[in-house]
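Structure assessment
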Amino acid sequence: MCLSIPSEILDIDENNNALVQTLGVKRKVNLDLISEPLEKGDFVLIHVGVAMEKIDKESALESIKTYRDIVEKMRNGEISANEGDLGLNEFHR
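What you see is a predicted model; the values in this text were computed from it and never measured.

A word on the overall build of the protein chain. Helix and strand counts for the protein chain come out as one helix and five strands. Going residue by residue from the N terminus, the α and β elements of the protein chain occur as β-β-β-β-β-α. Counting only residues that meet the buried cut, the protein chain has 23% of its 93 residues in that class. Taking as baseline every contact in the protein chain between residues at least 6 positions apart, the subset at least 24 positions apart corresponds to 32%.

A few words on the environment of Leu-31. Relative to the assigned elements, Leu-31 resides in the loop between β3 (25-30) and β4 (43-47). Sequence-wise, Leu-31 and Met-52 are 21 residues apart; in three dimensions their C-alpha atoms are separated by 7.7 Å. With residues up to four places along the chain from it excluded, the contact list for Leu-31 reads Ile-9, Ile-12, Asn-16, Ala-18, Leu-38 and Ala-51.

Turning to the confidence of the model for the protein chain, a few remarks are in order. Detailed reading of predicted coordinates is not advised where the pLDDT is low. On average, residues of the protein chain score 88 in pLDDT, and 85% of them reach the 70 mark or higher. No element of the protein chain has a lower mean pLDDT than helix α1 (residues 57-75), which averages 92, and none a higher one than strand β1 (residues 7-12), which averages 98.

So, on to the side chain of Ser-7. Mapped onto the secondary structure, Ser-7 falls in strand β1. On the accessibility criterion, Ser-7 (1% relative accessible area) is buried. Non-local contacts of Ser-7, meaning those with residues more than four positions away in its chain, are made with Val-20, Gln-21, Thr-22, Asp-42, Phe-43, Val-44 and Ile-46.

Okay, the nonpolar core next. Membership of the largest hydrophobic core is limited to 10 residues, which are Ile-9, Ala-18, Val-20, Val-29, Leu-31, Ile-34, Leu-38, Val-44, Ile-46 and Ala-51. Contributing elements (two or more residues each) for this core: β2 (17-22) and β4. Formed by five residues, the second largest nonpolar core is a distinct cluster that contains Phe-43, Ile-55, Ala-60 and Ile-64.

Now for the pairing of β4. Taken across its five residues, β4 has four buried, putting it largely inside the fold. The pairing of β1 with β4 spans two bridges and is classified as antiparallel. The residue of β4 that forms the bridge with Ser-7 is Val-44. Between β4 and strand β5 (residues 50-55), which follow one another and run antiparallel, lie two residues, and Val-48 among them has a positive phi close to 40 degrees.

Parameters at a glance
Residues numbered from 1 in each chain as written. Predicted model: local features only at pLDDT ≥ 70, side-chain atom pairs only at ≥ 80, totals over all residues. Heavy atoms only, no water. Helix = DSSP H or I, 4+ residues; strand = E, 2+ residues; numbered from the N terminus. Buried < 20%, exposed > 50% of the residue type's maximum accessible area, 1.4 Å probe, protein only. Contact = heavy atoms within 4.5 Å. pLDDT = per-residue confidence, 0-100. Core = buried A, V, L, I, M, F, W, Y, C linked by side-chain atoms within 4.5 Å. Pairing = 2+ DSSP bridges.

And the structure:
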């Protein structure tokens, strides 16, 4: 399973590549798989360096808040890094 954190488009170049920001981390991604128009300020979901889907700002911000809440609870010891792994860690041993 892949979880994608919404990324905000900061800039788009002439080759349809974008500079995006994901929770403060900036990276370049390709926008070629999204057929609808994209512009600075839009949010996208990314998989291996390619934007796969445009999402609305409200959903993006709600998702980002959820990720931040999870990280904060992990930092405070309210949940462990392994909580909710459905036993999948057994396969990595």
